[in-house]
Amino acid sequence: MANNVWIFAETRGKALHPVAVELLTPARTLADRRGGTVTALACGVENETVGQDLIVHGADRVFIFPDLSFSRLPPESIARTLALFIRAEDPETVLFGATSLARDLAPRLATILNTGVMADCLTLDLTAENQALVGTKPVPGGNLMATILCPRHRPQVATLLPGMYEPRPPDTGRSGEVLLKDTPVGTRDAKVRMVGEEGKKKSASALEDAQIVVAGGMGMETRQNFRLVEELAMVLGGTVGATRPVVEEGWVSPDHMIGQSGKIIHPRLYIAVGIYGSIYHTIGIQRAQTVVAINTDPYAPIFCFAQYAIVGDAKKILPALIDRFRKR
Ligand SMILES: Cc1cc2nc3c(=O)[nH]c(=O)nc-3n(C[C@H](O)[C@H](O)[C@H](O)COP(=O)(O)OP(=O)(O)OC[C@H]3O[C@@H](n4cnc5c(N)ncnc54)[C@H](O)[C@@H]3O)c2cc1C
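What counts as what
- Residues numbered from 1 in each chain as written.
- Predicted model: local features only at pLDDT ≥ 70, side-chain atom pairs only at ≥ 80, totals over all residues.
- Heavy atoms only, no water.
- Pairing = 2+ DSSP bridges.
- Helix = DSSP H or I, 4+ residues; strand = E, 2+ residues; numbered from the N terminus.
- Axes fitted to C-alpha atoms, helices over the stretch in contact; angles between N-to-C directions.
- Contact = heavy atoms within 4.5 Å.
- Domains from an automatic or database assignment.
- Buried area = accessible area lost by both parts, 1.4 Å probe.
- Salt bridge = Lys/Arg side-chain N within 4 Å of Asp/Glu carboxyl O.
- Polar contact = N/O pair within 3.5 Å; in protein donor to acceptor, adjacent residues only side chain to side chain.
- Nonpolar A, V, L, I, M, F, W, Y, C, P; charged D, E, K, R; others polar.
- Phe/Tyr/Trp six-rings, centres within 6.5 Å; stacked < 30°, edge-to-face > 60°.
- Buried < 20%, exposed > 50% of the residue type's maximum accessible area, 1.4 Å probe, protein only.
- Near = heavy atom within 4 Å.
- Areas by Shrake-Rupley, 256 points an atom, 1.4 Å probe, with all protein chains shown as cover.

What to know about the sheet that holds strand 14 (residues 239–242)
The strand order 14-13-15-16-17 describes an open sheet built from five strands, whose pairing is parallel. Of all the strands in the sheet, the pair left with one neighbour each is strand 14 and strand 17 (308–311). Sheet twist, expressed as the mean angle between neighbouring strand axes with direction ignored, is 20°. Bridge analysis of strand 13 (residues 212–216) against strand 14 gives four bridges, and the strand direction is parallel. Bridged to Gly216 within strand 14 is Ala242.

Structure representation (structure tokens):
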């Protein structure tokens, strides 16, 4: 049987979310391995340029649902409507980016379709016999990776962390179908009612696009000491990152979190200060070009990712670095 792959192409305003195009990279590979096609679903947009964008990046067909707007409809109603289309064509695989919106939508859809979700995958592949989807993700509590499958139910639903795959270069010679779908949606039984939408202030940090990131971990010990991380970032013209416990302590806002629960970054320079190097964090820095780590423990796992290792107390090292860079 052909491996037909569907992707949920999330949009931001009238444009595609970057993860929509990233998803087409594994989707295309998975479909091609078993002679299948790639279909993209875009909700709440009307313009066909979104459809063309998806086609040049690898989709064969795009369904556009202008009526399915997340600002007006609860995700459960949207999930019910998308499920009708998925049931009608029975694709082998349905992929989502692991964004906050899709982390809400994918499990709802999977429940309606009586299948599971392979959540927060880092990579997606097929088994050796090309029969089933294989996802990888970290094992809770250890620096180990797990492979996960959904052997008995179809479709195989997976969410993929944003930033894990490079988009395919646009191929303007590709052709495909863009189909506008009218979908009157019933919200009568919905448990959630949308009352309005408030724009979130754009994050000042924009970690995903930063060329230089200086991130601090619990090794900084206090909010006061963490200011040294912020100062070094400022002197270098970089952006501040943090580990999850630092965010949980409230030293910085969640926008600064790097890793599985936060942002995947790809700066030219990443400086990790007082960071242990848990797999949940290092997932987020795999595409950093040069990594410098500062840690008192010479065996800290973060050093396995670093080209430059500074063993010592960050509270002494950072002031010296700040001073030196400022003089430059
Ligand atoms: C499901 C799940 C998802 C998660 N997602 C994320 C995520 O997205 N991002 C994330 O970061 N974490 C995440 N975590 C948490 C993660 O497992 C680790 O607990 C966390 O990354 C550790 O943070 P840390 O390195 O700041 O703290 P610690 O583990 O406490 O490490 C502090 C480090 O600082 C060093 N140190 C101490 N004093 C100094 C000093 N004076 N100078 C220099 N170094 C010093 C220590 O040697 C140590 O290596 C997740 C966990 C789970 C279970």
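With respect to the sheet that holds strand 6 (residues 93–97)
Here we have seven strands laid out as an open sheet, ordered 7-11-6-1-4-5-12, and parallel in their pairing. At either end of the open sheet lies a strand with only one pairing partner, and these are strand 7 (117–121) and strand 12 (177–180). Here the average twist between neighbouring strands, direction ignored, is 20°. Sheet topology note: the strand 4 (residues 38–43)/strand 5 (residues 61–65) ladder contains five bridges and is parallel. Bridging across to strand 5, Leu41 finds its partner in Phe63. Each of strand 4, strand 5 and strand 12 touches helix 2 (residues 48–56); the most contacted strand, strand 12, lies at about 150° to it. Sheet strands touched by helix 3 (residues 75–89): strand 1 (5–8), strand 4, strand 5 and strand 6. Its angle to strand 5, the strand with the most contacts, is close to 150°.

Describing the domain arrangement of the protein
Under the domain assignment, the protein is made up of domain 1 (5–180) and domain 2 (207–327). Taking only C-alpha atoms, the centre of domain 1 and the centre of domain 2 are 32 Å apart. The interface of domain 1 with domain 2 comprises 17 residues on the first partner and 10 residues on the second. Carbon and sulfur atoms supply 53% of the area that domain 1 and domain 2 bury against each other, a total of about 1,000 Å² over both sides. Inspection of the domain 1/domain 2 interface yields one salt bridge. Ionic pairing is found between Glu166 and Arg287, a salt bridge with its closest N-O pair at 2.8 Å. Inspection of the region where domain 1 meets domain 2 yields three residue pairs in polar contact (both at pLDDT 80 or more). For the side of domain 1 that touches domain 2, the residue count by class is 10 nonpolar, four polar and three charged.

Some words on the packing of aromatic side chains
One pass over the structure, following the stated rule, counts seven aromatic pairs. Judged by centre distance (5.7 Å) and plane angle (90°), the ring pair of Trp6 and Phe63 falls under edge-to-face. One end of the pair, Trp6, is in strand 1; the other, Phe63, is in strand 5, with 57 residues separating them in the sequence. Given a relative accessible area of 2%, Trp6 falls into the buried group. Overall, Phe63 belongs to the buried group, its relative accessible area being 2%. Between the aromatic rings of Phe8 and Phe96, the centroid separation amounts to 5.5 Å while the plane-to-plane angle is 35°, which identifies the pairing as tilted. With Phe8 in strand 1 and Phe96 in strand 6, the pair connects residues that are 88 residues apart, well separated along the chain.

A few points about the pattern of salt bridges
For the coordinates displayed, the defined rule picks out 16 salt bridges. In this structure, Glu230 engages Arg223 in a salt bridge whose closest nitrogen and oxygen atoms are separated by 3.1 Å. A network of salt bridges, in which partner residues are shared, links Arg28, Asp32, Asp60 and Arg174.

Notes on the site of the ligand
Among the 26 residues in the neighbourhood of the ligand, the closest are listed as Met218, Thr243, Ser261, Tyr276 and Asn295. Within the contact set of the ligand, a nitrogen atom lies 3.5 Å away from a side-chain nitrogen or oxygen of Lys315. Within the complex, the protein chains bury 76% of what would otherwise be the 1,000 Å² of accessible surface of the ligand. Within the residue set of the shell around the ligand, elements represented by two or more residues are helix 6 (244–249), helix 7 (279–282) and helix 8 (314–327). Residue composition of the shell around the ligand, grouped by class: eight nonpolar, 13 polar and five charged.

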